[in-house]
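# Residue-level structural notes
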Amino acid sequence: MSKSKLAGLTCALIFAASAPAFAQSAADEEAARKAETPSTEGVVTNAASCQYEGGFLGKVDGANVCMAPIRGVEFNTQAYDGQNLGVMNCEGNGSFGNELSGSYCRIFLEPKPRKKTRAELEAELEAMTEAELEATN
């Protein structure tokens, strides 16, 4: 084998060996950047974002809600986005008021139904009682 072919082969082997190392360092740099950059996600405003952030859907008092875990402060960077760790805090998730429930945030995806007043409940009870009395007579 001539010296020029041997030199070319050696050069090709060195380049081939260094390419994965370069790609690995670029991936490491990207991971380090994400670990230092504040999260751009961690907000739930609809059913899809609820499931994306690790929450589950349900009903509370007739309203659709998302029960999503609350991320710890150490998980508030882009490195943890999309890993089903939940929301960063209970505020700022949609246009309806939310409620804390232990380490979960109850995020209302629609308005909460208005609770009936005492007068409304008493009127309903009186109407039901009268209807029952009429049915028995």
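In this text, all values refer to a predicted model and were calculated from it rather than measured experimentally.

Here the focus is the overall build of the chain. Scanning the chain from N- to C-terminus turns up 3 helices and 4 strands. Here the chain holds 137 residues, and the buried ones make up 18% of them. On the chain, roughly 9,700 Å² of surface is accessible, and the fraction owed to carbon and sulfur atoms is 60%.

Core analysis: the largest hydrophobic core is formed by 8 residues, namely Val-44, Cys-50, Cys-66, Ala-68, Val-87, Cys-90, Cys-105 and Ile-107. Counting residues per element, the ones that place at least two in this core are β2 (63–69) and β4 (104–108).

The buried fraction of β2 is high, at 6 of 7 residues. Pairing of strand β1 (residues 56–60) with β2 involves 5 bridges; the strand directions are antiparallel. Following the sheet pairing, Gly-58 is matched in β2 by Val-65. Adjacent in sequence and paired antiparallel, β1 and β2 are bridged by 2 residues, among which Asp-61 carries a positive phi angle near 50°. As judged from the 5 bridges shared by β2 and β4, these two strands associate in the antiparallel manner. Residue pairing in the sheet places Pro-69 in a bridge with Tyr-104 of β4.

The 4 strands lie next to each other as β1-β2-β4-β3, forming an open sheet whose pairing is antiparallel. Two strands lie at the open edges of the sheet, namely β1 and β3 (99–101), each paired on one side alone. Recorded for the sheet is a direction-independent mean angle of 35° between the axes of neighbouring strands.

Positioned with a positive phi, Asp-61 is a non-glycine residue whose angle comes to about 50°. Assignment of secondary structure puts Asp-61 in the loop between β1 and β2. Classification of Asp-61 as exposed rests on a relative accessible area of 59%.

So, about the state of the cysteines. Cysteine pairs can be linked by a disulfide, which is a covalent bond between their two sulfur atoms. Using the criterion set out here, one finds 2 disulfides in the structure. Two residues share a disulfide in this structure: Cys-90 and Cys-105, whose sulfurs sit 2.0 Å from each other. Around the S-S axis, the bridge from Cys-90 to Cys-105 shows a dihedral of about 95° and counts as right-handed. Note that Cys-90 is positioned in the loop between β2 and β3 and Cys-105 in strand β4, a separation of 15 residues in sequence. Neither Cys-90 nor Cys-105 differs from the other in exposure class; each is buried. The connectivity of the disulfide bonds within the chain can be written as 1-2, 3-4, using the sequence rank of each bonded cysteine.

Thresholds, definitions, all that
Residues numbered from 1 in each chain as written. Predicted model: local features only at pLDDT ≥ 70, side-chain atom pairs only at ≥ 80, totals over all residues. Heavy atoms only, no water. Helix = DSSP H or I, 4+ residues; strand = E, 2+ residues; numbered from the N terminus. Buried < 20%, exposed > 50% of the residue type's maximum accessible area, 1.4 Å probe, protein only. Areas by Shrake-Rupley, 256 points an atom, 1.4 Å probe, with all protein chains shown as cover. Core = buried A, V, L, I, M, F, W, Y, C linked by side-chain atoms within 4.5 Å. Pairing = 2+ DSSP bridges. Axes fitted to C-alpha atoms, helices over the stretch in contact; angles between N-to-C directions. Disulfide = S-S within 2.5 Å.

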